[in-house]
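Secondary and tertiary structure notes
Spelled out, the chains give:
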Amino acid sequence: MNPQGVRKPAWRAFELLNGAGEWQVGVTVQDPTSAKASHASDISAFATVDQEACEGAAASSCNLQLFLANFAPMEGVVVHPRPSVPKNVTVQFPLPISSDTVLVTVIDDDTCNASRVWESLGSPQYPTAAQLKLLHLASVPARDLSIPVRKGGLVDLQLAPYAVVHIRVPTD
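Residues numbered from 1 in each chain as written. Predicted model: local features only at pLDDT ≥ 70, side-chain atom pairs only at ≥ 80, totals over all residues. Heavy atoms only, no water.

A few words on the side chain of Ser99. As for its placement among the helices and strands, Ser99 is situated in the loop between strand 5 (87–92) and strand 6 (101–107). At a separation of 2.5 Å, a polar atom in the side chain of Ser99 contacts the main-chain carbonyl oxygen of Thr101. (Helix = DSSP H or I, 4+ residues; strand = E, 2+ residues; numbered from the N terminus. Polar contact = N/O pair within 3.5 Å; in protein donor to acceptor, adjacent residues only side chain to side chain.)

See below:
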């Protein structure tokens, strides 16, 4: 968060993680580019469910959530950094779901980017109240985008470089 209270993308990512379920479940992500490259996938993923919601309930009522990120090793972190690039991935859900769509929240350079708006305003050292309102709105991720689920519980996504994506399965 900056001194004026505008949330940064990392803050928004931790907001999403704060709502993760208590139990972690396996998830499969297909990243065709990692099979062709000499390095591991830049895509990281994990899924969670709520313990209380799952006890004695159908899998589709467990508050299943998936968290994905597209981060390549950055300069200063590894010996051989490389740029992050857009990735087309297919996610296979670890539990059967009855919904034909999922709800997606996206944090990337196109959404949740108050810094870009601040620069477009001329990088004011002391933003006005109206400018701060714009910056707060620009810091909010794109939420509840509806994405179709293919047969077999598969979801196709394109992750922008350095994107974080939260997928939520609507409950019955």
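Any aromatic ring pair is given by two values, namely how distant the centres are and how the planes are angled relative to each other. Enumeration according to the criterion identifies two aromatic pairs in this entry. Seen from their ring centres, Phe46 and Phe67 are 4.9 Å apart, and the 15° between their planes marks the pair as stacked. Separated by 21 residues along the polypeptide, Phe46 in strand 3 (residues 43–49) and Phe67 in strand 4 (residues 65–70) bring together distant segments of the chain. Consider the rings of Phe71 and Tyr162, whose centres lie 5.4 Å apart with planes at 70°: the pair is edge-to-face. Placement of the pair is Phe71 in the loop between strand 4 and strand 5 and Tyr162 in the loop between strand 8 (154–159) and strand 9 (164–168), with a sequence separation of 91 residues. Assessed through its relative accessible area of 31%, Tyr162 is described here as partly exposed. (Phe/Tyr/Trp six-rings, centres within 6.5 Å; stacked < 30°, edge-to-face > 60°. Buried < 20%, exposed > 50% of the residue type's maximum accessible area, 1.4 Å probe, protein only.)

Once that is clear, we can look at the side chain of His166. For His166, the position within the fold is in strand 9. Among the polar contacts made by the side chain of His166, one reaches the side chain of Gln65 at a distance of 2.6 Å.

Right, let's talk about the layout of surface pockets for a bit. A volume near 410 Å³ is recorded for the largest pocket. Lining the largest pocket are 20 residues, with Ala13, Ala69, Phe71, Tyr162 and Val164 sitting closest to its centre. Only helix 1 (9–18), strand 3 and strand 4 provide two or more residues apiece to the lining of the largest pocket. Looking at the lining of the largest pocket residue by residue, the class counts come to 16 nonpolar, two polar and two charged. Taken as a whole, the second largest pocket spans an internal volume of roughly 250 Å³. (1 Å grid on protein atoms, 1.4 Å probe; cavity = no way out; pocket = protein on both sides within 12 Å on 5 of 7 lines; lining within 4 Å. Points joined across faces, edges and corners; volume = space filled by probe spheres on them. Nonpolar A, V, L, I, M, F, W, Y, C, P; charged D, E, K, R; others polar.)

Our next topic: the pattern of salt bridges. Evaluated as defined, the whole model comprises seven salt bridges. A salt bridge links Arg116 to Asp110; the nearest nitrogen and oxygen atoms lie 3.7 Å apart. By relative accessible area, which is 66% here, Asp110 ends up exposed. Note that Arg168 and Asp144 form a salt bridge whose closest N and O atoms lie 2.7 Å from each other. Remark: Asp144 occurs in strand 7 (residues 142–148) and Arg168 occurs in strand 9; sequence separation between them is 24 residues. (Salt bridge = Lys/Arg side-chain N within 4 Å of Asp/Glu carboxyl O.)

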